[in-house]
Amino acid sequence: MAAAETVKNTVEQFTAAGNVAFKDAVEKSLASLNEVNAHSKKNLEAVIASVTASTKGAEALGAQAMAYSKKAVEDQVAAAKSLSGAKSIQEVVELQTSFAKTALEAYMAEVGKMSEIVSASVKDSMKPLNERVTAAVERLQAAR
């Protein structure tokens, strides 16, 4: 009878220890899953922020292009009016040269503005993604 009691106590101890180990393993797994979900959520938020920044940059670039196109057409109409009122070939050449120089300068200035918009847009759209990469690297280093 004492042997049966000992076996019973041993089984109860193993069962209790097994239950505790199982509970601990489940809790650790759930904690890890929650951590992965939080990390994934932050990654998704970073992608959304990146797309939002890219969209704003594209909108700014489109608005800038439209404004430049409108101004360029207005300048071309004004130049055509000036040319039609020219009194001599010399005046036509001077007006055309002046218009070409002004148009080229405006174009080069516009290219500079658009380059700045694109550069700022790329920087703004990459920032949230770079932050997530940095967080992932830090997390991996901390795990070592």
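Our subject is the structure listed above.
Residue positions within a chain follow its written sequence, with the count starting from 1. Confidence filtering applies because this is a predicted model: local features only for residues at pLDDT of at least 70, side-chain atom pairs given and counted only at 80 or more, and all residues used for totals across whole chains, interfaces and linings. Only hydrogens and water are set aside when side-chain values are computed; all heavy atoms of the structure are taken into account.

**Quick notes on helix α1 (residues 2-84)**
In this description a helix means any DSSP run of H or I spanning at least four residues, a strand means any run of E spanning at least two, and both kinds are numbered starting from the N terminus. Expected helix span is computed as 1.5 Å times (number of residues minus one). Relative to the 123 Å expected for 83 residues at 1.5 Å per residue, α1 spans 122 Å between its end C-alpha atoms, a close match to the ideal helical length. Taken residue by residue, α1 has H39, A46, S50, A53, G57, A72 and A79 as its buried positions. Those residues of α1 that are buried lie in contact with α2 (89-143). Partly exposed residues are those whose accessible area sits between 20% and 50% of the maximum for their type, while under 20% is buried and over 50% is exposed, using a 1.4 Å probe and protein chains only. In this description, contact between two residues means that some pair of their heavy atoms is separated by no more than 4.5 Å.

**Some details on the side chain of S50**
Within the secondary structure layout, S50 lies in helix α1. Beyond its immediate stretch of four places on either side in the chain, S50 contacts S125, P128 and L129.

**What about the layout of surface pockets?**
Over the atoms a probe the size of a water molecule is rolled, and this reveals where empty space is left. Put simply, the largest pocket is a space of about 230 Å³. Taken together, 13 residues form the lining of the largest pocket, with Y68, K71, A72, D75 and A106 sitting closest to its centre. Sorting the residues of the lining of the largest pocket by element identifies α1 and α2 as the ones contributing at least two each. Examining the composition of the lining of the largest pocket, we find that seven residues originate from one element, α1, more than from any other. Taken together, the residues of the lining of the largest pocket break down into six nonpolar, three polar and four charged. Here a cavity is any set of points on a 1 Å grid over the protein atoms alone where a 1.4 Å probe fits but cannot get out, and a pocket is any open set with protein on both sides within 12 Å along at least 5 of 7 lines; a residue lines the site when it has an atom within 4 Å of a point. Grid points are joined across faces, edges and corners, and a volume is the space filled by probe spheres set on the points. Under this grouping Gly is polar, as are all residues other than the nonpolar Ala, Val, Leu, Ile, Met, Phe, Trp, Tyr, Cys and Pro and the charged Asp, Glu, Lys and Arg.

**Some remarks on the pattern of salt bridges**
Here, a salt bridge means any side-chain nitrogen of Lys or Arg that lies within 4 Å of a carboxyl oxygen of Asp or Glu. Inspection of the entire model under this criterion finds four salt bridges. Among the salt bridges present, the one from E35 reaches R139, with a minimum N-O distance of 2.9 Å. Residue E35 is found in helix α1, and its partner R139 is found in helix α2; the two are separated by 104 residues along the sequence. Assessed through its relative accessible area of 44%, E35 is described here as partly exposed. Here K71 ties to D75 by a salt bridge, and the two come within 2.9 Å at their closest N and O atoms.

**Concerning the packing of α1 against α2**
Relative to each other, α1 and α2 sit at 175°, their axes nearing to 10 Å. If you check the angle between α1 and α2, you find them roughly antiparallel. Lines fitted to the C-alpha atoms define the axes, with helices restricted to the stretch that makes contact. Angles between their N-to-C directions range from 0 to 180 degrees. Angles are sorted into four bins: roughly parallel if under 35 degrees, roughly antiparallel if over 145, roughly perpendicular if 65 to 115, and oblique for all others.

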